[in-house]
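One-letter residues, chain by chain:
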Amino acid sequence: MISKFIQNLSSRFRSENDLSDITWTMCETSEKFKYHFIKFFFPDIIITDTAILTREKSGDGSRPDFILETKNGIFLIENKISDKNHHFEQYTKAFNITAEHLGYITNYPLSKAGYKTHTWREFYLYTYNHIPQEESDLWASYLYYLKSVCYIFITDKPMQLTGMFSLYTFYRSLDDVFEFETEKFSSTLYDSRKDTNNGGNFLCTPRDGVMGKYFEIRYKKSNLKAWGWMGVYFERENPLICICFCNREDWGKPIYNLLLKNQIKADGKFSKAPYEEDGAFWFEFKSDKQFDSIKESQNQISLLRSYFEETMNIIAELD
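Residues numbered from 1 in each chain as written. Predicted model: local features only at pLDDT ≥ 70, side-chain atom pairs only at ≥ 80, totals over all residues. Heavy atoms only, no water.

Considering the pattern of salt bridges
Following the criterion strictly, the structure yields 13 salt bridges and no others. Close ionic contact of D21 with R55 constitutes a salt bridge, the shortest N to O distance being 2.9 Å. Note that D21 is positioned in helix 2 (residues 16-29) and R55 in strand 1 (residues 52-55), a separation of 34 residues in sequence. Its salt-bridge partner being E134, residue K32 comes within 2.0 Å of it at the nearest N-O pair. Of this pair, K32 sits in helix 3 (residues 31-41) while E134 sits in the loop between helix 5 (120-128) and helix 6 (136-149); the two residues are 102 residues apart in sequence, bridging distant segments of the chain. On the basis of relative accessibility, which here comes to 53%, the residue E134 falls in the exposed class. In this structure, a network of salt bridges that share partners links the residues D21, R55 and D65. (Salt bridge = Lys/Arg side-chain N within 4 Å of Asp/Glu carboxyl O. Helix = DSSP H or I, 4+ residues; strand = E, 2+ residues; numbered from the N terminus. Buried < 20%, exposed > 50% of the residue type's maximum accessible area, 1.4 Å probe, protein only.)

Let's talk about the confidence of the model for the protein
Of the residues in the protein, 92% have a pLDDT of 70 or more, and the chain-wide mean is 89. In this model, residues 196-200 is a region of pLDDT below 50 whose contacts with residues beyond four sequence positions or in other chains number 5 contacts. (pLDDT = per-residue confidence, 0-100. Contact = heavy atoms within 4.5 Å.)

Following this line, the structure appears as structure tokens:
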């Protein structure tokens, strides 16, 4: 239940401010976490009970993410996930501090002469190695959130080049999955690369570790027309195949609206019941174990076609 809560939290609260707010909340909840959060940036600082950590306190037009007030002066911490608009000199000047009193953390490699910078991956590993046993659940939940929001990838599993061709095979096989002409609907592959106006960026949450293709679907009863996406999330140990209709005008919105009005709670034979997340409706493929046991590639494609057809027919019943 807790892991599901953190998973949902990380899917909705992903901005730099969100990460700073939740990190500050952790500091206010756990004195030990607060201690290590400060020590990570300022290892030589002496932390006392009078040290006050606040969020976004303004100073001469500047608003760093964290301000630490101690007997030894003011210390600042600035958080960046993807934003590359930096304010090193502005902060030191506005708060009249030296570079050693400015902690800087980003989600990408960054160096600045005269300043010490860190990455969220470094902080993840540092924090993981300092988890107190009596607060392990709390810290583990925070680290799960941090790992998701900052796309931190850590593994001890060796790479196997022999398995990579399977991903390419899956991607190319999608061309054969989308072609249908039935009594209820017709569908075909959509080549998003030809759309020079949008550059093919129609998936609601594009990111590393995702591969798939777009398709066009037309329902014959109402002449409803929309575009969806089918692909695989392979940034996890157990890859997820899914079909997506995003809430974007003229693309997935017509079907998104249908699904929003008609909540489907029952699983199909090949597809799990759809759910709404990140501005899209998702149908997850639920025959992944059966899929891996199939020895013939054409039979695997047939299974993917059955999954696709079933999903389109489920929607047809709502139209």
